[in-house]
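Geometric and topological summary
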Amino acid sequence: MDADGVATSIAACWRDEIIPELERYIAIPALSPSFDADWEATGHIEAAVGQVSAWIESRPVAGATVEVQRLPGRTPLIVVEVEPFGTGATNDDDPSTVVLYGHLDKQPEMTGWKDGLGPWTPVRDGDRLYGRGGADDGYAAFASLAAIEAVQACGGSHGRCLVLIEASEESGSPDLMHHLDALGDRLGDVGLLVCLDSGCATYDTMWLTTSLRGLVEATLRVDVIAEGWHSGMASGLVPSSFRLARILLDRIEDSATGHVLVESANAPIPPHRVAEAGAMAELLGGTGEDFGLIGDLELMEEDPAQGLLARTWRPALSVVGAEGLPPTASAGNVLRPFTSLKLSLRLPPSASSEAAAAELVDLLSSDPPLQVSVSVDDVECADGWDAADLSPWLAEAINDSALRRFGQPMQLFGEGGSIPFIAMLGGMFPEAQFVVTGVLGPESNAHGPNEFLHVAYAEKLTSCIADILNAEATRPRS
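Just so you know, these numbers come straight off a predicted model, no measurement behind them. (Residues numbered from 1 in each chain as written. Predicted model: local features only at pLDDT ≥ 70, side-chain atom pairs only at ≥ 80, totals over all residues. Heavy atoms only, no water.)

**Considering the overall build of the chain**
A count of helices and strands for the chain gives 13 helices and 18 strands. Here the chain has a C-alpha radius of gyration of 24 Å; the compact-globule value for 478 residues is 23 Å, and the two agree. Taking the principal axes of its C-alpha atoms as reference, the chain extends roughly 80 × 50 × 45 Å. Considering only contacts within the chain whose residues lie at least 6 apart along the sequence, 82% involve residues at least 24 apart. (Helix = DSSP H or I, 4+ residues; strand = E, 2+ residues; numbered from the N terminus. Rg over C-alpha atoms; globule rule 2.2 N^0.38 Å. Contact = heavy atoms within 4.5 Å.)

**Description of the nonpolar core**
Core analysis: the biggest nonpolar cluster contains 80 residues, and Trp14, Leu22, Leu104, Tyr139, Met206, Val435 and Leu453 have the highest contact counts within it. Examining the composition of this core, we find that 12 residues originate from one element, helix H4 (residues 134–153), more than from any other. Once residues within four sequence positions are removed from consideration, Leu453 is found in contact with Trp14, Leu22, Asp127, Arg128, Leu129, Gly134, Ala135, Tyr139, Val439 and Ala458. Counting 25 residues, the second-largest nonpolar core is a separate cluster that includes Val79, Ala387, Leu425 and Val436. (Core = buried A, V, L, I, M, F, W, Y, C linked by side-chain atoms within 4.5 Å. Buried < 20%, exposed > 50% of the residue type's maximum accessible area, 1.4 Å probe, protein only.)

**Structural notes on a negative patch on the surface**
Judged by side-chain charge, Asp296, Glu298, Glu302 and Asp303 come together as a negatively charged surface patch. Turning to its location among the elements, Asp303 is positioned in the loop between helix H8 (271–284) and helix H9 (304–310). With a relative accessible area of 39%, Asp303 lands in the partly exposed category. (Patch = residues over 30% accessible without salt bridge, like charges linked within 9 Å, V, L, I, M, F, W, Y side chains within 5 Å. Areas by Shrake-Rupley, 256 points an atom, 1.4 Å probe, with all protein chains shown as cover. Salt bridge = Lys/Arg side-chain N within 4 Å of Asp/Glu carboxyl O. Lys, Arg positive; Asp, Glu negative; His and termini not counted. Charge placed at Lys NZ, Arg CZ, Asp CG, Glu CD.)

**Some remarks on the packing of helix H1 (residues 3–26) against helix H13 (residues 455–474)**
Across the interface, H1 lies against H13 with an axial gap of 9 Å and an inter-helix angle of 130°. Considering the angle they form, H1 stands oblique to H13. For H1 against H13, the interelement crossing comes out right-handed. In this structure, H1 uses Val6, Ala7, Ile10, Ala11, Trp14 and Ile19 to contact H13, whose residues at the interface are Val455, Ala458, Glu459, Thr462, Ser463 and Ala466. For the contact of H1 with H13, the per-class residue count stands at 9 nonpolar, 2 polar and 1 charged. (Axes fitted to C-alpha atoms, helices over the stretch in contact; angles between N-to-C directions. Parallel < 35°, antiparallel > 145°, perpendicular 65-115°, else oblique. Left-handed = near helix turned anticlockwise from the far one by under 90°. Nonpolar A, V, L, I, M, F, W, Y, C, P; charged D, E, K, R; others polar.)

**A few points about the packing of aromatic side chains**
Under the criterion given, the structure shown has 7 aromatic pairs. An angle of 70° between the planes, with centres 5.0 Å apart, marks the rings of Trp55 and Phe142 as edge-to-face. A residue pair is termed long-range when its members are at least 10 positions apart, and Trp55 in helix H3 (residues 44–58) and Phe142 in helix H4 qualify at 87 residues. What makes Phe142 buried here is its relative accessible area of 0%. Where Trp207 meets Phe413, the ring centres are 5.4 Å apart and the plane angle is 75°; that geometry is what we call edge-to-face. One end of the pair, Trp207, is in strand E8 (residues 207–212); the other, Phe413, is in strand E16 (residues 411–415), and 206 residues separate them in sequence. Trp207 sits in the buried class, given a relative accessible area of 1%. Ring pairing ties together the aromatic residues Tyr203, Phe406 and Tyr457, which thus form one cluster. The lysine or arginine in question, Lys106, covers the ring of Tyr25, its NZ or CZ lying 4.1 Å from the ring centre. (Phe/Tyr/Trp six-rings, centres within 6.5 Å; stacked < 30°, edge-to-face > 60°. Lys NZ or Arg CZ within 6 Å of the ring centre and 35° of its normal.)

**So, the sheet that holds strand E2 (residues 77–82)**
The strands making up a sheet associate through hydrogen bonds between their backbones, and the pairing can be parallel or antiparallel. Read across the sheet, 6 strands follow the order E1-E2-E6-E3-E7-E17 without closing on themselves; strand pairing throughout is mixed. Each edge of the sheet is formed by a strand with only one pairing partner; in this case those strands are strand E1 (64–69) and strand E17 (433–436). Across the sheet, the axes of successive neighbouring strands diverge by a mean angle of 15°, strand direction being ignored. Direction of pairing for E1 relative to E2: antiparallel, over a ladder of 6 bridges. Of the residues in E2, the one forming a bridge with Gln69 is Leu77. (Pairing = 2+ DSSP bridges.)

**Notes on the sheet that holds strand E4 (residues 123–125)**
Reading across the sheet, the 3 strands line up as E4-E5-E18 and stay open at both edges, with antiparallel pairing between neighbours. Looking at strand neighbours, the two that pair on one side only are E4 and strand E18 (452–454), the edges of this open sheet. Each strand axis lies, on average, 20° off the axis of its neighbour in the sheet, ignoring direction. Note that strand E5 (residues 128–130) and E18 share 3 bridges and pair antiparallel. Bridged to Tyr130 within E18 is Phe452. Across the face of the sheet, H13 comes into contact with E4, E5 and E18 while running at roughly 55° to E18.

Function-wise, these values are silent; they only describe arrangement.
So this is what it looks like as structure tokens:
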């Protein structure tokens, strides 16, 4: 395969095709179903699916078929099947499938965007393309097709490819397993999965994700009275819903240390992951991210290696939303009727999310203080993932590609987020190899304000994917 030709082809595709398409895509507020219950009527997910699938259909990729798989009540799935291509891709003894995965649903707007920026306003500033969903993870569909196209155009080979672009990932992928069941035998024997929904610790080489945390989400609600009462009349007699909620939270988290008290949410960290975090901390000279701490705030871990483990292997509780509390500017002296808190519990990669969810619900709902009315609803869980060792051919292919495209060897690191599809497919195909990577690097701020895609990095990463596809097709088979 002409490696230089691949880079030239992909750079042109990004410049002339992908950037304009991503700008159109960013402008579509395709909120995931958890944030737009009426997504079918709203039509934004359908608009994004239509745009992305139409672009894919327009690409000159030999042997490609494109369809949108639809199931009643479920978000659509774009399915692109590409026949094997090139002299190295015809091996009847090993007819495995390469799955390339991404998603096009988005997180909500979030506040705090800088002047001139906004979630649905694409803005290009040097290597940064600002806007919601470009980096997480709208670019994946375009990059996957560009990589396949470049392999074909530059004399390379690839095996059977199946590109899957879902639309419920930001809601925990509740629709995906139904789509995988519907695909049935079309999945084939998955030998390699390429996921572009992860991140990178720097923009100067290719980073391979070695683990992902699991997740439990739930909404805790504490009700005390039917309607608000003057706090001068009710307080001191009627208990505060916030105080009772705080008592319940103390059952699952030590507020003094942040230690998670849910037993099944804790798990030992494998020694090789501890060593990996130490090597990463030394390479980065810290944890690799400036979080914009206010004032003299101290991090929960002083040692960088322990800090990396804290956000990739240890459980952590966040309260990510609340209801029942008016804005401070309009908050009167009223004892409020209820407090509702949206909880996000990150789990170690090896922990069972179902076990943690069951224990969380039990701790919050059993023996309520003062017999208060407590509900724990909207419970969702997703398992994490801990990667198996890379096959020698794949480790060599990734490292060679990183050296070729970035001039630096590949690097390994754990991610603190969750990608439910990885655990799903890993369970279905335990012998498959995984290339989990992405463009969510320093300051890219997925889910928050000022999210951006680093264009130059994404271009080089796309060339790496092309290299890996060619290496998979041409590797020696035993």
